[in-house]
Structure formats: structure tokens, C-alpha cells
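Coordinate analysis (summary)
Letter by letter, the chains look like this.
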Amino acid sequence: MKQFSNRYIYIFSAVLVIVVAVLLAFVSQILKPIQEKNERIEQMRNILAAVNVEATSKNAEQLYNDYIKESYTINSDGIKIDSLKPLTVDLKKQTTAIAAINALKLKLVERKISPFKMAVSGGNIKKADTEVINAEISKLRQTLQLPVYVCFKEEKEYYVFALRGKGLWGPVWGYISLEEDFNTVYGAYFDHKSETPGLGAEINTPLFQSQFRSKKLYDENSKFVSVRVLKGGASGDSPHNVDAISGGTITSKGVEKMLEDWLDQYNEFIKNQKKEL
Amino acid sequence: MSGKEPLFSSKNIKLLTEPLNKSNPITVLVLGICSALAVTVKLEPSVVMAVSVMAVLAVSNMVISAMRSYIPPRIRIIVQLVVIATMVILVDQVLKAFAYDVSKQLSVFVGLIITNCIIMGRLEAFALGNKPWPSFLDGIGNAAGYGLILVIVAFFRELLGSGTIWGYPVLEKIGLYKTGYVNNGMMILPPMALITVGIIIWIQRGKNKDLIETN
């Protein structure tokens, strides 16, 4: 067998890797616009699915333009951010921001319920601290970007909100649409990146999603309760519960948490809209 | 060698046809089982998977074979891996651009072609010692053998598990459900793919006495 010097081996590997890198970068750049268009269309299909309109990848754009008559981005205080198109919002970043808000809120609650524990573990219970945390929360809430799509279908308006959270193996996301009373769920659509087929992956089946229809987000006292995904069968008469997926507990809980986290951020907007009714 | 060998000499044809039956990568060599179990729930993703593996295997076989006298033996495995991984990423990108729905269904399994033992096996066993053209044919042949089994398994799993063929509701159209027939949900789960592959191996060995071990 031919002998190769060390220097040859180094040069060979370097050249190989550079050639491969250039090739891949080149192809990725060329295909990027088409891939992004596919993702955009997929997003439109998901939004349409949340208002119970079935679209194929071919007619999604057309149907989207027909049904969605208005779309805008708001922050968590319910104020519109005019410059931002909702389809371009980076939902992943918003999810991180929401998690940060919730972590800060948890800190506040901890302070309230166990000042002693906080003191022991080195935490301060000064009032100023609480104010700092509150200021941080309100800053995060102001910079949050939440997409709202207004759908006009069969003489009625529906409001579609975006959702994103964590499943068992990766992200889960979806859209939920509310009727004009801003309480009744009209439809929901969920999808996932890599949940277990047959178990957690069942969240993207109509069987699971159709359960959400005509559930309520608020109780009689207009208190926010979200929709709970319960194990062991939700009793049919409760307007806030749906059945979880057996064998997909962590995914089901992920969906529940995602609904609660995101809809909680939409709360102010919903409140404002209700006043206008 | 005197004169040029014709492109499709009997030796080359054999490279194409043998993996379909006598040296089939799945049923005889029992390689690449993992993806065969995972993607065969429906016919469409199976065919896309088979075509993807064919593209990856044929091209990497050819590339490695063309470079075979320049590849230092000490780093040949990693060189093979780089070539395979490049091809797989290319296939994945192309699918994402032109067959988005299918690429969503195949999800991680396109990426996992990198670890498909058929590919590395053919590069090691064939491409390193043969010319590019026969290597190319060997790649096509082996991927076709792999794809053939995938399609057979997917056909039965989709028909019995979901009652459709290529998404078309065959059983509903012939009115089988009215007689009380119910889809077998078990066929959708991975274990039934293994059992289906087992049955195929059984039939193949029953027909082909050469494959029966004597000890």
C-alpha cells in the first residue's frame, strides 16, 4: 500500500473540508429563499387550521389572503407595534422572554410566601428589590412581540393567537382562535418538531385538536383559567378541560403550559377588546 | 485489460441486480433496519427515503471511488463520513426546498441516513477497490435493493394499518368497512415492520436455497 506522509494527510483533510464547506454554504444560500417561502406557507396553513379552514400548500397563500383580513403585532400591554409584521415575529425569542417573565414572577411569589427561606438562602427581602423585579417584568412585557391575526369567516370575526412551548424532545407550537366574545375557543392547531410518533406526536391530529372547540378561557367571574390538558379523562361538562394523550404526558403538559403562558400575555389585549364590545 | 469494457457489461448489470435479491442489504445482510422500521408507515415517505438513499449512496460511492488512490488509508473512514454527511445535507436541503411536506414527515430520518450502515458498508467494501462507474452502479443497485424492501413493507403497513395506498382510501372505496372490517392499528407501530421484514426474509429464503445456512 502507498505510504502517505503526515503533511499530505493534513493538507488532504484541510482541502477536503474547505471544499465541502464551500459547496454546502453555496447550496444553502441558493435554496434559502425557497425554503423560507415554504415555511411561510406552512405558517399560513397552521393559522388557517386554527380557524378550521383546511388548506393545502398550493392554495394556502390564496386562502390566507381571503380569510385573514387584518394582522398586527402587539406587546403584552396590548399596545400595537406598528412597524412589525406578525408573520415575521421570532416566536422562539418571545418564548424565552415569557419564560423570563414567569421566572421573575415566581421570585416575587417566593418572597411573599417564605421570606424566611429567602433570607436563609441569601436572598434579600428588601422592598426596593421587589420594585426592581417589577420594573424588569414590565420592561420585558413592553418589548414582547405577540402576533394577532383577525380572521373574517362566515360573517364573523375570529382572533388567532400564536403559541409556542416545550414538548418532550423539542419545541411544540400552535395557534388558537377565539370567537368574538374573547372567551370561547373556536379552533386550535398544534404541531411539534420531534415528539414521539403515536404518543406525543398525536397533538397534531384532529382528534386531539377538535377537543378545544367551544372551551372557555375565563370562568364566570372573568378570571383567566386557560384550557387544561388533563390526564385520566376530562369530564365532559367542564368548559376548561380537555383530555391529555395517554403515553404523552410530558407533551400534553407542555401544550397546557404553552397555552397558559402565552394566553396570559395576551390578557391585556383581550381585556381591552372586551371593553370595546 | 484489452479494449474498453462496455458500460453495461454483464458484470456491471450483475452489480445492479444482485442486491435486489441474492445480496439484498436488508433481507440478506440485515443492514439499515432502523430506518426501514421507522419510515415505512406510509408509502410516500418510503419512496422518498429510498430515492434519497439512492442519491446519497450512488454519488458518495462514485466520489470515494474517484478519490480512492488519493485517500490516505489512515483517515479513510473519516473521509468517507465527510462525503456521506455532505451528500445527506444536500439531500435534506433539497427536500426542504422542493418537497416540504414529505421532508416534514421524514423529519430526522433523512439526517440519519448518515448512520445507515449500508452506505458506509458499500464505500468500505466496494468503492475503495473499484472504478467510479461500477461503484456508481453498485450504489444504485444496493439502494434499489433497500428501497424495494422499504416499498414492500410500506405497502402492506399502509394498506393494513391505514387502509390506504399512497394516501388513496382503497379499502373505503371497495366498501370493506361496511362489512365490519377495522384497520389494524398494530401495523402502524414499528414492531410490525420488523415482523413484515421477517416474513419477507422467510419467503426469500424459502425460494432461494443458496441463502440457507447449512450449519
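Residues numbered from 1 in each chain as written. Chains lettered and ligands numbered in written order. Predicted model: local features only at pLDDT ≥ 70, side-chain atom pairs only at ≥ 80, totals over all residues.

1. Remarks on the overall build of chain B
Here is the rule we go by: Helix numbers and strand numbers start at the N terminus; a helix is a DSSP run of H or I with at least 4 residues, a strand a run of E with at least 2. Comment: burial labels come from other C-beta atoms within 10 Å of the residue's own C-beta, placed from the backbone, where a count of 20 or more is buried, 12 or fewer is exposed, and between is partly exposed. Note that contacts rest on C-beta atoms placed from the backbone: two residues are in contact if these are within 7 Å.
Check the secondary structure of chain B and you find 10 helices and zero strands. Ordering the α and β elements of chain B from the N terminus gives α-α-α-α-α-α-α-α-α-α. When burial is assessed residue by residue, chain B has 37% of its 215 residues classed as buried. Counting only contacts in chain B whose residues sit at least 6 apart along the sequence, the fraction spanning at least 24 positions is 77%.

2. Structural notes on the domain arrangement of chain A
All names here are of chain A. Basically, it comes down to this: The split into domains, and so the bounds of each, comes from an automatic or database assignment of domains. The classification used treats Ala, Val, Leu, Ile, Met, Phe, Trp, Tyr, Cys and Pro as nonpolar, Asp, Glu, Lys and Arg as charged, and all other residues, Gly among them, as polar.
Taken as a whole, chain A is organised into domain 1 (1-50), domain 2 (81-143) and domain 3 (147-276). Between domain 1 and domain 3, the C-alpha centre-to-centre distance is 37 Å. Of the residues belonging to the side of domain 1 that touches domain 3, the class tally is three nonpolar, one polar and no charged.

3. With respect to the sheet that holds strand E1 (residues 68-74) of chain A
Residue and element names in this part refer to chain A. The condition is simple: Any two strands between which DSSP finds at least two bridges are classified as paired. Lines are fitted to the C-alpha atoms to define the axes, a helix being fitted only along its stretch in contact, and any angle between axes, read from their N-to-C directions, falls within 0 to 180 degrees.
Across the sheet, which stays open at both edges, the six strands sit in the order E2-E1-E3-E4-E5-E6 with antiparallel pairing between neighbours. Two strands bound the open sheet, and with one partner strand each, they are strand E2 (80-81) and strand E6 (185-192). With eight bridges joining them, strand E4 (residues 156-166) and strand E5 (residues 171-178) adopt antiparallel strand pairing. When the bridges of E5 are listed, Gly165 appears paired with Val172. Running at roughly 145° to E6, helix H1 (residues 6-50) makes contact with E1, strand E3 (146-153), E4, E5 and E6 of the sheet. Its contacts with the sheet place helix H7 (residues 249-276) against E1, E3, E4, E5 and E6, and it is angled at close to 125° to E4.

4. A closer look at the nonpolar core
Which entries qualify depends on this criterion: Joining buried Ala, Val, Leu, Ile, Met, Phe, Trp, Tyr and Cys residues through C-beta atoms within 7 Å gives a set, and that set is a nonpolar core.
Ranked by internal contacts, the top residues of the largest apolar core, which has 51 residues, are A:Ile47, A:Ala50, A:Val160, A:Phe161, A:Leu163 and A:Tyr175. The residues that make up this core include at least three from each of domain 1 (1-50) and domain 3 (147-276) of chain A. Residues contacting A:Ile47, with those up to four places away along its chain left out, are A:Tyr64, A:Ile68, A:Tyr149, A:Val160 and A:Tyr175. In terms of nonpolar packing, the next biggest core, distinct from the first, is built from 44 residues, B:Ile26, B:Ile71, B:Phe126 and B:Ala193 among them.

5. Observations concerning the environment of B:Ile118
Residue and element names in this part refer to chain B. Looking at the secondary structure, you find Ile118 in helix H7 (residues 117-125). With 25 C-beta atoms packed within 10 Å, Ile118 lands in the buried category. Beyond its immediate chain neighbours, meaning those up to four positions away, Ile118 contacts Pro25, Leu31, Gly32, Leu57, Asn142 and Tyr146.

6. Here we look at the packing of H1(A) against helix H4 (residues 76-98) of chain B
The condition that has to hold: For classification purposes, an angle smaller than 35 degrees is called roughly parallel, one larger than 145 roughly antiparallel, one from 65 to 115 roughly perpendicular, and anything else oblique. Throughout, a crossing is termed right-handed when the near helix is turned clockwise from the far one, and left-handed when it is turned anticlockwise from it by less than a right angle.
Relative orientation of the contacting elements H1(A) and H4(B) amounts to 15°, with a least axis distance of 8 Å. Taken as axis vectors, H1(A) and H4(B) run roughly parallel relative to one another. Taken as a pair, H1(A) and H4(B) cross one another with a handedness that is left-handed. On H4(B), the residues that touch A:Leu16, A:Val17, A:Val20, A:Leu23, A:Leu24, A:Val27, A:Ser28, A:Leu31, A:Ile34, A:Gln35 and A:Asn38 of H1(A) are B:Val79, B:Val82, B:Thr86, B:Ile89, B:Leu90, B:Gln93, B:Val94, B:Lys96 and B:Ala97. Along the lines of polarity and charge, the residues of the contact of H1(A) with H4(B) split into 14 nonpolar, five polar and one charged.

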